[in-house]
Amino acid sequence: MILALETSCDDTCAAVVTSGGDVRSSSVASQGLLHARYGGVVPEVASRRHLELIDAVTADALESAGASLAEIENVAVTRGPGLIGALLVGVASAKALAAARNLPLTPVDHLHGHVVASTLAPDPIEPPYLCLVASGGHTFIARVDEPSRYAILGQTLDDAAGEAFDKGARLLGLGYPGGPEIDRLAREGDPEAFDFPRSAPGGPSAERLDLSFSGLKTSLLYRVRDLGEEETARRRADLAASYQRAIVGALGARVAGALGRERVPRMAIGGGVAANSELREHLGELCADLGVRLHAPPPSLCTDNAAMIAAAARFTEPLSYPDYLTLDASARPA
Ligand code: KG4
Ligand code: ZN
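Figured I'd write up the structure that's included with this text.

Reading the values: the criteria
Residues numbered from 1 in each chain as written. Chains lettered and ligands numbered in written order. Predicted model: local features only at pLDDT ≥ 70, side-chain atom pairs only at ≥ 80, totals over all residues. Heavy atoms only, no water. Pairing = 2+ DSSP bridges. Helix = DSSP H or I, 4+ residues; strand = E, 2+ residues; numbered from the N terminus. Axes fitted to C-alpha atoms, helices over the stretch in contact; angles between N-to-C directions. Buried < 20%, exposed > 50% of the residue type's maximum accessible area, 1.4 Å probe, protein only. Contact = heavy atoms within 4.5 Å. Donors = N, O, S within 2.8 Å, 3.2 Å for Na, K, Ca; no water. Tetrahedral: all angles 85-135°; square planar, octahedral: opposite > 155°, others 65-115°. Phe/Tyr/Trp six-rings, centres within 6.5 Å; stacked < 30°, edge-to-face > 60°. Lys NZ or Arg CZ within 6 Å of the ring centre and 35° of its normal.

1. Describing the sheet that holds strand β10 (residues 293–295)
- Here we have 5 strands laid out as an open sheet, ordered β8-β7-β6-β9-β10, and mixed in their pairing. If you trace the sheet from one side to the other, it starts and ends with β8 (151–155) and β10, each paired once. Along the sheet, successive strands turn relative to each other by an average axial angle of 20°, direction set aside.
- Sheet topology note: the strand β7 (residues 139–144)/β8 ladder contains 4 bridges and is antiparallel. Within β8, the position partnered with A142 by the bridge is I152.

Structure representation (structure tokens):
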């Protein structure tokens, strides 16, 4: 059994997963409300909160799994990328848990976790597959031929898709995090009411399947300015629906391009934006049309969680005691 910890951003997460990929428990203490009043994550506040929560969340994951520390054979932890102070809490905690029992420790790349979240039971995806990862900090399409690594076919050149949702929500006067707020409000609006740009850098047949969302965000800024406060408030649902349609359209077009080129039988999605209801529906239809099987993990495995870190640990070389005592967290991708 693997005990995994994830503290790269503003969620304190622990999970117990078997080496076969059965999720025995996945506990998440969200700090969302704590940061909401600042309109975004405050790194120092996040680190302090992780420190307060990590022991309780770990105990909760073990209890929910009906497991004791004595049954854990491997401790996995997100090493990066993320907020350095936040990551350090998880890494230090994992070292203590592992070293006290002479257990191996597996350092995991957070993005690898999102890429292989869909290899977990009950419907594990098999390579080769493509994966769209769209989160608050990253957006890319990867090809997976073996679950221990992934090749990036294209990525955002500026804002991540989740960032576009969060910044758009802020312009519309909605709360943080903005993705779920826009997702909810968009259901009441007309997605064709406003025309927002869907950028595909280099054109639809560019060699790299890159994305860009900064122009879209600027376009919403100008639209909100032109409409004025009152009219923006009145048309908020239409603006949210049209803005969401543009993000989903841009992601969908790139996924369609990637599937046309790579000819794999399966597609996975991950990252917080993969919890978006319109994106899930759109990609479901798109994949069905192309005869590709879509693996969309439940939203709780799309947003940050530690079960996906355990999933990636299954395909990552562990470090044995005491080699990991000098392991450092890393803010940037490895
Ligand atoms: O993967 P994640 O939990 O954390 C990062 O690694 O960044 O992703 C968080 C992002 C936020 O930008 C949030 O607004 C977005 O995912 N998100 C959504 C939805 N739920 C979360 N975006 C659109 N629709 C949603 N339902
Ligand atoms: Zn993430």
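2. Some remarks on the environment of S118
- Within the secondary structure, S118 is located in the loop between α4 (110–116) and β6 (129–134).
- With relative accessibility at 6%, the residue S118 sits in the buried group.
- Spatially, the C-alpha atom of S118 lies 7.2 Å from that of A296, the residues being 178 residues apart in sequence.
- Once you skip the residues sitting within four places of it in the chain, S118 turns out to touch D123, P124, I125, A268, H295 and P297.

3. Remarks on the coordination of the zinc ion (ligand 2)
- In the first shell of the zinc ion (ligand 2), the protein supplies H110 (NE2), H114 (NE2) and D304 (OD), at 2.1 to 2.2 Å from the metal.
- One can describe the site at the zinc ion (ligand 2) as irregular: its 4 donor atoms subtend angles covering 94 to 146° at the metal.
- Here the donor residues for the zinc ion (ligand 2) map to a single chain with the spacing H-x3-H-x189-D. In this pair, H110 sits in helix α4 while D304 sits in the loop between α10 (299–302) and α11 (307–313), placing the two residues 194 residues apart along the sequence.

4. Considerations on the packing of aromatic side chains
- Evaluation of the coordinates by the stated rule reveals 4 aromatic pairs.
- Lying across the ring of F196, R223 places its NZ or CZ 5.8 Å from the centre.

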